[in-house]
Amino acid sequence: MENRSLIQRLIARPEFGPFVLLIIEIAVFWSINHDFLSPQNISNTLAFTVELGLIALAMTLLMTSGEFDLSVGSLFGFSPVLMWTLFNSGLTSLEVGFLAALLVAALIGLVNGWFVTQLKIPSFLVTLGMLLVVRGTALFVTDGFPQRTWSAEGSWLAEVLVGDFYVGPFRIYMSLFWFIAAAIALGYVLTQSRTGNWIQAAGGNPNAARARGVNVNGVKIGLFILSSLMASLAGVISSLRTSAANPNSGTGYELEVIAMVVIGGTALTGGRGTIIGTVLGILILRVMRNGIVLIGVPGLAYNIFIGAIILGMMALHSWLERRHQAGT
Amino acid sequence: MAEPLVRMTNIKKSYGRVQALEDANFHVNEREIVGLLGDNGAGKSTLIKVLSGAVPLTSGDIFIRGKKVNLRRTSDAIAHGIETIYQDSALVTQLSIARNLFLGREPIKPPRFLNRMDQEAMNVVARDLLKQVGISKNIPPTTPIGSLSGGERQAVAIARAMHFDSDLIILDEPTNNLGVAETQGVLSFVRNARDSGHSCIFIAHNIHHVFQVVDRIVVMRRGKVVADDIDPKKTSVAEVERIITGMSDKEIRDAIIEGRPSHG
């Protein structure tokens, strides 16, 4: 009896659906092509997964508070461009250029948050505008050309962010540890801390939260800044790893990241969010992208599967939600 | 008579050219349940919004225990011990009972820099409060508000007001959309709140619900308080209905003393 209720409780969790989907996905891809679980493939998949994942973690908190950020993809492209431009022009060292990129990102997050909370403009419009401003700036500054990046060799910043080493046959990048640390920290914030309670209340019923003295605007502005910072960090990590700084990189990432978050079970309307679900959502989409190519489905068909997964998971979440509301 | 808990004098509130409140005078004594009645547009909602800090008044004064106060925000009113409970808006449906009770005042476990909520302590207090307010069912404090019934939500909101020592709990249409048993539950929560030392303002369309629970009835009409000392034990429902609708001025004058508060 006790056992059964434990299983039932497990099934009722919003993370359960994504978890099952991920297992099925891995099993199907592996059964078709055993190389899918080869150390090399796992290493390759993980390297890029955590970069998008860093953005998705921050987006989870932001979406729980009832907002979202479409400018993350453009920041992913812009921040490394800014860092390399400062470095290549001899103005700053790479490290100072990195800090400058983070600072600018924080400022962009602040502006996003200010427009949303003070001018009461929906985050969709504010961050769409910001997407164009930031992407446009990246293209304008670089004339649309990639920046030189070959001089990162031996920089301690590169070592700390994307230094790689082998664990057995697996090639691991330092960025994996940054991702794990961020997931644990933000998961803690969301579920254990007082701030997490405020984030959920801000998304669930902002007026009730305000009436209880919760600084709803402060919470949201803070999360917009966090979202921009994480997008910037992810962009720099990706740039250092691939030795490329293309002003166009990150195009379309905002939607992929939001898809990861909602597939994991975070509500698009705010009030409910799960970091564990997001981690599963990140893996589901990245495994799908990798697996499709590996089993020989044309890469161009990728979006069909992603779209189907989003629709399927939304249907599942809404069904679970209704069951939950009905108290069964 | 001692100074009342809350006294509002000559309250005016206009929205543009519309005069929602015209020299309204109103008071609530300590440990008293006041029923606030009036037809739609009589001004009772506006009066409550002024008192709960949701809208600023145009002119007039508000005193709490004789001290003049300025209520510019909802949080000002809460800081002065005035808690307003609207049917649904006071709680976050996605959060648990315990997390709602302590929203904005979550206890923190040491070490403080970890900012970690003391969820065990919150659950213990929540369980105790639910019992105190009179919820008979055994509802775990980790239950999300979304899966509670309307009456249970009212109970949680009342429990929160009691726990944080609100002197005055304003209930706006607490019995709307509730079944008979649920309504009786809410009425008994209100009585429990008064018995443990809190005052209440009770607003309801259903006069019978008001009669069952209040100590004194106040009636508003066209932005004014037209009767403020109706004893529900000595007055009939029909009589109060006549005052609310203002059938004839003579009848009203017989039943009340117009616009003059009897206390304060």
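Residues numbered from 1 in each chain as written. Chains lettered and ligands numbered in written order. Predicted model: local features only at pLDDT ≥ 70, side-chain atom pairs only at ≥ 80, totals over all residues.

Undergrad: Describe the domain arrangement of chain B, and please don't skip the residues or the numbers.
TA: All names here are of chain B. With domains assigned, chain B is organised as domain 1 (1–80 + 215–222 + 240–264) and domain 2 (82–198). Using only C-alpha atoms to locate each centre, domain 1 and domain 2 end up separated by 26 Å. Facing the eleven residues of domain 1 at the interface are ten residues of domain 2. Across the side of domain 1 that touches domain 2, the residue classes tally to eight nonpolar, two polar and one charged. (Domains from an automatic or database assignment. Contact = placed C-beta atoms within 7 Å. Nonpolar A, V, L, I, M, F, W, Y, C, P; charged D, E, K, R; others polar.)

Undergrad: Let's hear about the nonpolar core: which residues, and what values?
TA: Counting 165 residues, the largest nonpolar core has A:I55, A:M59, B:I158, B:I201, B:F202 and B:V219 as its most contacted members. Looking at this core, the element that brings in the most residues is helix α11 (residues 216–242) of chain A, giving 15 residues. Here this core spans two domains, since at least three of its residues come from each of domain 1 (1–80 + 215–222 + 240–264) and domain 2 (82–198) of chain B. In this structure, A:I55 is in contact with A:V72, A:M230, A:A231, A:A234, A:Y253 and A:V257, ignoring residues within four places of it in sequence. (Core = buried A, V, L, I, M, F, W, Y, C linked by C-beta atoms within 7 Å. Buried ≥ 20, exposed ≤ 12 C-beta atoms within 10 Å, placed from the backbone. Helix = DSSP H or I, 4+ residues; strand = E, 2+ residues; numbered from the N terminus.)

Undergrad: How would you explain the packing of helix α3 (residues 39–64) of chain A against α11(A) if you had to name every residue and give the values?
TA: All names here are of chain A. Where α3 meets α11, the closest approach of the two axes is 8 Å, and the angle between their N-to-C directions is 175°. Accordingly, the angle class assigned to the pair α3 and α11 is roughly antiparallel. Across the interface between the two elements, A47, E51, L52, L54, I55, L57, A58, M59, L61 and L62 of α3 pack against L223, F224, L226, S227, M230, A231, L233, A234, I237, S238 and R241 of α11. Of the residues assigned to the contact of α3 with α11, the class counts are 17 nonpolar, two polar and two charged. (Axes fitted to C-alpha atoms, helices over the stretch in contact; angles between N-to-C directions. Parallel < 35°, antiparallel > 145°, perpendicular 65-115°, else oblique.)

Undergrad: Tell me about unusual backbone geometry, residues and numbers included.
TA: Of all residues except glycine, most have a negative phi; of all peptide bonds, most are trans. With an omega of -5°, the peptide bond between B:P110 and B:P111 qualifies as cis. Even without a glycine there, the phi angle at A:D143 is positive, about 60°. Tracing the chain through its elements places A:D143 in the loop between α6 (123–142) and α7 (156–162). Of the residues examined, A:D143 has 7 C-beta atoms within 10 Å and is grouped as exposed. Backbone geometry places B:R222, a non-glycine residue, at a positive phi of 45°.

Undergrad: Before we move on, can you summarise the interface of chain A and chain B with the specific residues and values?
TA: Counting residues at the interface gives 22 residues for chain A, matched by 20 residues for chain B. Elements with a minimum of two residues in the side of chain A that touches chain B: α9 (194–204), α10 (206–211) and α14 (302–325) of chain A. Residues belonging to the side of chain A that touches chain B are distributed by class as follows: five nonpolar, 13 polar and four charged.

Undergrad: Could you give an account of the packing of helix α5 (residues 150–163) of chain B against helix α6 (residues 180–195) of chain B, naming the residues involved and the relevant values?
TA: A pair of packed helices is characterised by two quantities: the angle between their axes and the separation of those axes. All names here are of chain B. With their axes 9 Å apart at the nearest point, α5 and α6 run at an angle of 10° to one another. In terms of orientation, α5 lies roughly parallel with respect to α6. Contact with α5, carried on its side by G150, G151, Q154, A155, I158 and M162, involves E182, G185, V186, F189 and A193 of α6 and no other residues of that element. The residue makeup of the contact of α5 with α6, split by class, is six nonpolar, four polar and one charged.

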